[in-house]
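# Summary of the model geometry
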Amino acid sequence: MFDLLASTLIGTRDSLGEQACVLRGFALPYVPELLPEIEHIASAAPLRNMVTAGGHTISVALTNCGALGWTSDRRGYRYAAHDPATGLAWPAMPAVFLRLASLAAAAAGFDNFQPDACLINRYLPGNRLSLHQDKNEKDFREPIVSVSLGIPAMFLFGGHQRSDKTQRIPLFHGDVAVWGGADRMRYHGVMPLKEENHPLLGVRRINMTFRKAG
Ligand code: MD6
Ligand code: FE
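Here's what I pulled together on the structure shown here. In this text, all values refer to a predicted model and were calculated from it rather than measured experimentally. (Residues numbered from 1 in each chain as written. Chains lettered and ligands numbered in written order. Predicted model: local features only at pLDDT ≥ 70, side-chain atom pairs only at ≥ 80, totals over all residues. Heavy atoms only, no water.)

## What about the coordination of the iron ion (ligand 2)?
Surrounding the iron ion (ligand 2) are the protein donor atoms His132 (NE2), Asp134 (OD) and His188 (NE2), which sit 2.0 to 2.1 Å from the metal. Here the donor residues for the iron ion (ligand 2) map to a single chain with the spacing H-x1-D-x53-H. Taken together, the positions of Asp134 in the loop between strand E7 (129-132) and strand E8 (144-150) and His188 in strand E12 (residues 188-190) put the pair 54 residues apart, joining distant regions of the chain. Summarising the burial analysis for this pair, Asp134 and His188 share the class buried. (Donors = N, O, S within 2.8 Å, 3.2 Å for Na, K, Ca; no water. Helix = DSSP H or I, 4+ residues; strand = E, 2+ residues; numbered from the N terminus. Buried < 20%, exposed > 50% of the residue type's maximum accessible area, 1.4 Å probe, protein only.)

The following block contains the structure:
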């Protein structure tokens, strides 16, 4: 059912706002190159569940590549050059990641996007991400590029107040969401993942979020 909807959408664009959209299937041609790179990154910097300042464990497991990595601990959220689990620099950003992120940003109207951070999230069924704004980056003129792989998720895209009504947008394997400019600080989140099986990735969703953080 989802597969049929996803396949009919490939190559289309959904507008989420003035400067926010979903590029359906944009990442599909890159998938054969992306998956081994993700495996390699996760072998050097394993996926882990971080804690928040409030002491809650984040259900989504994460790792990073690039000069900066998004981290959370009892002191809060921040970008760091080193993996707190190993003390090592995060794995380098693979060239194919940069190419995909930059081309997707350009297709969405953001030229010259050169991310220095790629957060890799792994969602299992039941995992969710509550509504939040991305505000740990230095320059809010830079967009966010978010690549979905594996089983589908329902993305929530709200307004500038947490209480604003949210749009619900299904994100499928290969979709790329981009938001920036006037839409850069909009609240967003992910609803609890439903149990499904993806032919390439199994029972999981991988999300890659690219940012110019520093
Ligand atoms: C997603 N992730 O995983 C979108 N934002 O589909 C985020 O929006 C996000 O995972 C800030 C910090 C961590 C995140
Ligand atoms: Fe976010």
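That was the structure; now back to the text.
## Here we look at the environment of Ala92
Here Ala92 is to be found in the loop between strand E5 (76-80) and helix H3 (95-107). The sequence separation of Ala92 and Arg205 amounts to 113 residues, and the corresponding C-alpha distance is 22 Å. Excluding its chain neighbours within four sequence positions, the residues that come into contact with Ala92 are Cys65 and Gly66. (Contact = heavy atoms within 4.5 Å.)

## Concerning the sheet that holds strand E9 (residues 153-157)
Sheet architecture is open: 4 strands sit in the order E7-E12-E9-E10, paired in antiparallel fashion. Looking at strand neighbours, the two that pair on one side only are E7 and strand E10 (167-171), the edges of this open sheet. Direction aside, the axes of adjacent strands within the sheet are offset by 20 degrees on average. With 3 bridges joining them, E9 and E12 adopt antiparallel strand pairing. Paired with Phe155 across the strands is Val190, a residue of E12. (Pairing = 2+ DSSP bridges. Axes fitted to C-alpha atoms, helices over the stretch in contact; angles between N-to-C directions.)

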